[in-house]
Amino acid sequence: MATENPSGQPGRNIRIDGGRLWQSLMDLAAIGATAKGGVCRLALSDEDREGRDLFVRWCEEAGLAVSVDVMGNIFARRPGRNPELPPVMAGSHLDSQPTGGKFDGAYGVMAGLEVMRTLNDLGYETEAPLEVAAWTNEEGSRFPAPMIGSAVFAGISELAEGLGLQDLDGNSLGDELARIGYAGEAAVGGRQVAAYFEAHIEQGPILEAEQRVIGVVGGVQGLRWYEITLTGQEAHAGPTPMPSRRDALLGASHIVAAVNRIGHEHLPGACATVGLMQVHPNSRNVIPGRVFMNIDLRHPETEILDAMGAALQTASEAAAAEGGLELDFAEIHHSPAVVFDPACVAAVRNGAEEAGYSHMDIVSGAGHDACCMAEVAPTGMIFVPCADGISHNEEESATAADLEAGCNVLLQAMLAV
Ligand code: GLV
Ligand code: MN
Ligand code: MN
């Protein structure tokens, strides 16, 4: 039985249980909890398995039908009156960065579950089925392709590419899925989704600075990842004269400085980061013979992002030539800038408006599974503030009230489309 409000629009007066949402987030954050109050649940680690198991248990307790696809993506379905209709889906990810926070990803999954629980409490029937998705390896921290679960679902990446990704120890994503018991049997994607919504903390400072509760996300900036290997020559740190060295770390340090310069040269909007570097052999008295590094470049405009990539390649070639180093330069990932579906964006804005939450339009600086889903379904996102704009950090923090507000908007958007 649908709950009606005085305006006659079904569901407009429904509110989620903010206390229950908060408790679920805290219970989930106990899995892989770190000393500084964050979480470490790297994709397909034992902690990721535990987090998945808890989510699946909660879904089953809520009467949802759980399925797992070959990429390990988990779907929990609440039937609608018309089983022929494609589902309205909410989702995000349960994996985290090594020094991650409690809310990045987990919030979107728990908010989707809270929507289901709320509708169950009210005996509220929807026309279309609803689903909550937990996507595999969104972070790209362990396996070097962010959002790979949703990318394969959306047909952006091949299944074999996803399953074949390797972590730095040479473990494949497919083997690790099987090891933790989440190599499912359902086909990956190839089915219609009526609409997809993702609730997420902003991970930046804008909502807090503007004192708005809800970010109505219009799109996501583009992202390119590069892997660079510089090879020089290992040699003794004592007897080897300075002029005859081929120091791979010295070359890498010139690239680090160039990456930072490229970011500054393409402001406003550009971000440029070296977040991963491996120095070989990493010994105190050996001149480094090899360095492996990952570069993350972002910009909302494709042409500028392309120019940043070209500048990186030029700077890398110059650093290698100057240091007598061999250069291996490869782009390993590209997520183009995304513009979300106007009707889904409007549904988010209306949900915020009607609930009386302050809101503003915003572009996402971070990548999300919603970027991939936007390829195959009308998609929108809801942001809520996080303290000091800090994320990918154990101190990541958001208020229960803001998380509740974002979940209420998610509920309204899901019912509106
Ligand atoms: C996802 O966490 C990203 O790197 O944007
Ligand atoms: Mn995330
Ligand atoms: Mn993240």
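Numbering of residues starts from 1 in each chain and follows the order in which that chain's sequence is written. Chains carry letters from A onward and ligands carry numbers from 1 onward, assigned in written order. For this predicted model, a pLDDT threshold of at least 70 governs which residues receive local features, and a threshold of 80 or more governs which side-chain atom pairs are given and counted, while totals over whole chains, interfaces and linings are taken from all residues. Derived side-chain values reflect all non-hydrogen atoms in the structure, with water molecules and hydrogen atoms excluded from consideration.

**Re the overall build of the protein**
Step number 1: For the purposes of this entry, the term helix denotes a DSSP run of H or I that reaches at least four residues, the term strand denotes a run of E that reaches at least two, and both are numbered from the N terminus. In terms of helices and strands, the protein carries 12 helices and 15 strands.
Step number 2: Scaling as 2.2 N^0.38, a compact globule of 417 residues should have a C-alpha radius of gyration of about 22 Å, and the protein matches this with 23 Å.
Step number 3: Taking the principal axes of its C-alpha atoms as reference, the protein extends roughly 85 × 45 × 40 Å.
Step number 4: For every residue, the accessible area (1.4 Å probe, protein chains only) is compared with the maximum for its type, and the residue is labelled buried under 20%, exposed over 50%, or partly exposed between those bounds. Going through the 417 residues of the protein one by one, you find that 53% of them count as buried.
Step number 5: For the protein, the proportion of contacts with a sequence separation of at least 24, taken over those separated by at least 6, is 78%.
Step number 6: Total accessible area on the protein is roughly 16,900 Å²; 51% of this is exposed by carbon and sulfur atoms.
Step number 7: Counted as positive: Lys and Arg. Counted as negative: Asp and Glu, with His and the chain ends omitted from the count. In plain terms, the charge of a residue is placed at NZ if it is Lys, CZ if Arg, CG if Asp and CD if Glu. Separation between the mean location of the 25 positive side-chain charges and that of the 57 negative ones in the protein comes to 3 Å. It is over C-alpha atoms that the radius of gyration is taken, and the globule rule equals 2.2 Å times the number of residues to the power 0.38. Throughout, a residue-residue contact means that at least one pair of heavy atoms, one from each residue, lies within 4.5 Å. Using the Shrake-Rupley algorithm and a 1.4 Å probe, accessible areas are obtained, with residue cover drawn only from the displayed protein chains.

**A closer look at the coordination of the manganese ion (ligand 3)**
For a metal bound by four donors in tetrahedral geometry, the ideal donor-metal-donor angle is 109.5 degrees, whereas six donors in octahedral geometry ideally sit at 90 or 180 degrees.
Step number 1: Only D104 (OD), E139 (OE), E139 (OE) and H392 (NE2) from the protein coordinate the manganese ion (ligand 3), and they sit 2.1 to 2.4 Å from it.
Step number 2: Water is absent from the atoms considered, so a metal site may look incomplete; donors are defined as N, O and S atoms within 2.8 Å of the metal, or 3.2 Å for Na, K and Ca. Motif for the manganese ion (ligand 3), donor spacing along one chain: D-x34-E-x252-H.
Step number 3: A spacing of 3.6 Å is found between the manganese ion (ligand 3) and the manganese ion (ligand 2), which share D104 as a donor. Of the two residues, E139 is situated in the loop between β4 (130-135) and α4 (148-153) and H392 in the loop between β15 (379-384) and α12 (400-416); the sequence distance between them amounts to 253 residues.
Step number 4: A relative accessible area of 7% places E139 in the buried class.
Step number 5: The partly exposed category is assigned to H392, whose relative accessible area is 41%.

**Some points on the environment of L130**
Step number 1: Tracing the chain through its elements places L130 in strand β4.
Step number 2: For L130, a relative accessible area of 1% gives the class buried.
Step number 3: L130 has contacts with A76, R77, R78, V88, M116, L119 and M414, leaving out every residue within four places of it along the chain.

**Some thoughts on the domain arrangement of the protein**
Interface extent is often summarised as the accessible area lost during association of the parts.
Step number 1: Domain start and stop positions are those given by an automatic or database domain assignment. Annotation of the protein at the domain level lists domain 1 (18-221 + 337-416) and domain 2 (222-334).
Step number 2: Note on domain 1 versus domain 2: buried area summed over both sides is about 920 Å², and carbon and sulfur give 60% of it.
Step number 3: Polar contacts, as counted here, are pairs of nitrogen or oxygen atoms within 3.5 Å of one another; within protein the pair requires one atom able to donate a hydrogen and one able to accept it, and residues that are adjacent in sequence qualify only if both atoms are side-chain atoms. Scanning the region where domain 1 abuts domain 2 turns up 1 residue pair in polar contact (both at pLDDT 80 or more).
Step number 4: Residue classes follow a fixed rule: Ala, Val, Leu, Ile, Met, Phe, Trp, Tyr, Cys and Pro count as nonpolar, while Asp, Glu, Lys and Arg count as charged, and any other residue, Gly among them, counts as polar. A breakdown of the residues in the side of domain 1 that touches domain 2 according to their chemical character gives 8 nonpolar, 4 polar and 1 charged. Accessible area that two parts lose when put together, evaluated with a 1.4 Å probe and summed over both, is termed the buried area.

**Quick word on the packing of aromatic side chains**
Step number 1: For Phe, Tyr and Trp, rings pair up if their centres lie within 6.5 Å, where Trp contributes its six-membered ring, and each pair is then called stacked (planes under 30 degrees apart), edge-to-face (over 60) or tilted (otherwise). Scanning the entire structure with this criterion turns up 6 aromatic pairs.
Step number 2: Taking the centre distance of 5.9 Å and the plane angle of 35° together, the rings of W22 and F103 count as tilted. Placement of W22 in helix α1 (residues 18-29) and of F103 in the loop between β3 (88-93) and α3 (106-122) is noted, with a sequence separation of 81 residues between them.
Step number 3: On the numbers, 5.2 Å between centres and 70° between planes, the contact of W135 with F153 is edge-to-face. Highlighted residues: W135 in strand β4 and F153 in helix α4, separated in sequence by 18 residues. Comparing W135 with F153, the two get one shared label, buried.
Step number 4: What links up through ring pairs into an aromatic cluster is the set F75, W135, F153 and Y196.
Step number 5: A ring has a charge above it when a Lys NZ or an Arg CZ is no more than 6 Å from the ring centre and no more than 35 degrees off the ring normal. Lying across the ring of Y182, R52 places its NZ or CZ 5.0 Å from the centre.
Step number 6: Over the aromatic face of W58 sits the side chain of R117, whose NZ or CZ is 5.3 Å from the ring centroid.

**Points about the site of ligand 1**
Step number 1: Throughout this document, a residue counts as near a molecule or strand when at least one of its heavy atoms sits within 4 Å of that molecule or strand. Neighbouring ligand 1 are E138, E139, R298, A366, G367 and H392.
Step number 2: Contact distances for ligand 1 include 3.0 Å between an oxygen atom and a side-chain N or O atom of E139.
Step number 3: Separating an oxygen atom of ligand 1 from a side-chain N or O atom of H392 is a distance of 3.2 Å.
Step number 4: When isolated, ligand 1 has an accessible area of 190 Å², and the protein chains bury 95% of it.

**Some thoughts on the pattern of salt bridges**
Step number 1: The rule for a salt bridge is simple: a side-chain nitrogen of Lys or Arg has to be within 4 Å of a carboxyl oxygen of Asp or Glu. All chains considered together, the criterion is met by 19 salt bridges.
Step number 2: Notably, a salt bridge pairs R20 with E114, separated by 2.8 Å at the nearest N-O pair. On the criterion of sequence distance, the pair formed by R20 in helix α1 and E114 in helix α3 is long-range, its members being 94 residues apart.
Step number 3: With a relative accessible area of 23%, R20 lands in the partly exposed category.
Step number 4: Judged by relative accessible area, E114 falls into the buried class, the value being 1%.
Step number 5: We note a salt bridge from E61 to R57, for which the minimum N-O separation is 3.0 Å. With a gap of 4 residues between them, E61 and R57 both fall in helix α2 (residues 46-61), about one helical turn apart.
Step number 6: We classify E61 as exposed; its relative accessible area is 57%.
Step number 7: Each of D46, R49, R142, D167, E176 and R179 takes part in a single network of salt bridges with overlapping partners.

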